[in-house]
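These are the residues of each chain, in order.
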Amino acid sequence: MAAASSSSTSPKTTTERRGIPGAQFVEDVETYLSQTGLDVNSALAFLQERLQQYKLVEMKLLAQQRDLQAKIPDIEKCLDVVATLQAKKGTGEALIADFEVSEGIYSRARIEDSDSVCLWLGANVMLEYSCEEATSLLKKNLENAKASLEVLIADLQFLRDQVTITQVTIARVYNWDVHQRRIRQAAATPTA
Amino acid sequence: MQQGPGGSETEVTWEDQQNINKFGRLNNRFHELEDEIKTAKETNDNLEDASNELILTDEEVVRFQIGEVFAHVPKEEVETRIEEMKEVTSKNLEKLEEEKESVLAQMTELKTILYGKFKDSINLEED
């Protein structure tokens, strides 16, 4: 039985993607209503509810996207610092830098040649790495973040498509209903 | 107001739905691009201002922000760095502008197709 969730038989229905149910494309409103056995109002209510669920998931994904988009420049900045330290290593001169002690208060630091850096890993944990290890770890994190972002963006696109399909279906069901009422009204008053 | 069979009931095929979806996606991308272009232009302006300031200053050592700290860097190195950053930003800006043009062109094409089929039943303008 070709159920709505079978994506192999009907190319017009994508099952779901990472937990997001796909919106079923409606070829013909009348067939759709008889297939689901719903009357117009219940169908509209069901579609509206689906739309709300989609909106919720969209909020969640957008928040995740914002987080990732903030994380990526952070990692790039860290890579920059490690690269600068490595460049200074050969010259033998110390790097003098002004850093923030507290808001509005800066202090001067003298960074001697060093082979290792400490990386903040989160959860109050900081580990010491050699410059090369630090660079490769940061690069790996950057790649993972970029890859996750891409997957997230694809998810959002899929979600938005489902939202559009659902909105179009709602409009069509509503229009079909208006059309039906008009026909019934015309039939009820046969005198032109 | 027509009451005939072709009245307010235009059929929507899967292809139409896909066109509508694609238009929606392009519209979203267009807005994202506008924001990105705005940010890139601001960065470009900031770098311009920075390099102008550099020319005016007579200090030998400039505090250049790397990550969260301001490192003491000799003026020439800062100039080189800023030049590099300016190049990267303007290339990025060019790429974004090109993508925006292509997105706009695709959207106009889709508009013609969709308005052709649905005429007044569809609205593809900005709200």
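Residues numbered from 1 in each chain as written. Chains lettered and ligands numbered in written order. Predicted model: local features only at pLDDT ≥ 70, side-chain atom pairs only at ≥ 80, totals over all residues. Heavy atoms only, no water.

If you look chain B up in an unreviewed UniProt entry, it shows as Prefoldin subunit 4 from Durio zibethinus. Regarding chain B, the UniProt comment filed under Sequence similarities (unreviewed entry) reads as follows: "Belongs to the prefoldin subunit beta family." As its UniProt record puts it under Function (unreviewed entry), chain B is described as follows: "Binds specifically to cytosolic chaperonin (c-CPN) and transfers target proteins to it. Binds to nascent polypeptide chain and promotes folding in an environment in which there are many competing pathways for nonnative proteins." (UniProt positions renumbered as here; feature names shortened; annotations may be inferred.)

Going by an unreviewed UniProt entry, chain A carries the name Prefoldin subunit 3 and comes from Durio zibethinus. Note on chain A: under the UniProt heading Sequence similarities (unreviewed entry), the record states "Belongs to the prefoldin subunit alpha family."

Novice: Before we move on, could you go through the environment of B:Pro74 and cite the residues and values that matter?
Specialist: Residues and elements named next belong to chain B. With respect to the helices and strands, the residue Pro74 is situated in strand 2 (residues 69–74). Residue Pro74 is classed as partly exposed on the basis of its relative accessible area of 33%. Considering only alpha carbons, one finds Pro74 and Glu60, 14 residues apart in sequence, at a separation of 6.0 Å. (Helix = DSSP H or I, 4+ residues; strand = E, 2+ residues; numbered from the N terminus. Buried < 20%, exposed > 50% of the residue type's maximum accessible area, 1.4 Å probe, protein only.)

Novice: So what's going on with helix 1 (residues 29–36) of chain A? Residues and values would help.
Specialist: An α-helix turns once every 3.6 residues. As a result, residues three or four positions apart point the same way. Residue and element names in this part refer to chain A. Those residues of helix 1 not exposed but buried are Val29, Tyr32 and Leu33. Summarising the axial view, the buried residues of helix 1 lie within an arc of 95 degrees, below the 170-degree limit, and thus occupy one face. Projecting away from the buried face of helix 1 at angles above 90 degrees are the exposed residues Ser34 and Gln35. Summarising the contacts, the buried residues of helix 1 are in contact with helix 2 (40–91) and helix 3 (131–188). Immediately downstream of helix 1, the backbone of Gly37 shows phi near 70 degrees, a positive value. (Arc of directions from axis to C-beta. Contact = heavy atoms within 4.5 Å.)

Novice: Give a detailed account of the layout of surface pockets, specifying residues and quantitative values.
Specialist: When its volume is computed, the largest pocket comes out at roughly 1,600 Å³. Contributing to the lining of the largest pocket are 38 residues, with A:Pro73, A:Glu76, B:Thr39, B:Thr43 and B:Asn92 lying nearest its centre. Sorting the residues of the lining of the largest pocket by element identifies helix 2 and helix 3 of chain A together with helix 1 (14–56), strand 1 (61–66) and helix 2 (75–118) of chain B as the ones contributing at least two each. Among the elements that take part in the lining of the largest pocket, helix 1 of chain B stands out by supplying 12 residues, more than any other. Among the residues making up the lining of the largest pocket, the classes are represented as 16 nonpolar, nine polar and 13 charged. The space that makes up the second largest pocket amounts to roughly 1,100 Å³. Forming the walls of the second largest pocket are 40 residues, and the residues nearest its centre are A:Thr164, B:Ile20, B:Ile122, B:Asn123 and B:Leu124. Elements that contribute at least two residues to the lining of the second largest pocket include exactly helix 2 and helix 3 of chain A together with helix 1 and helix 2 of chain B. Split into classes, the residues belonging to the lining of the second largest pocket amount to 13 nonpolar, 13 polar and 14 charged. (1 Å grid on protein atoms, 1.4 Å probe; cavity = no way out; pocket = protein on both sides within 12 Å on 5 of 7 lines; lining within 4 Å. Points joined across faces, edges and corners; volume = space filled by probe spheres on them. Nonpolar A, V, L, I, M, F, W, Y, C, P; charged D, E, K, R; others polar.)

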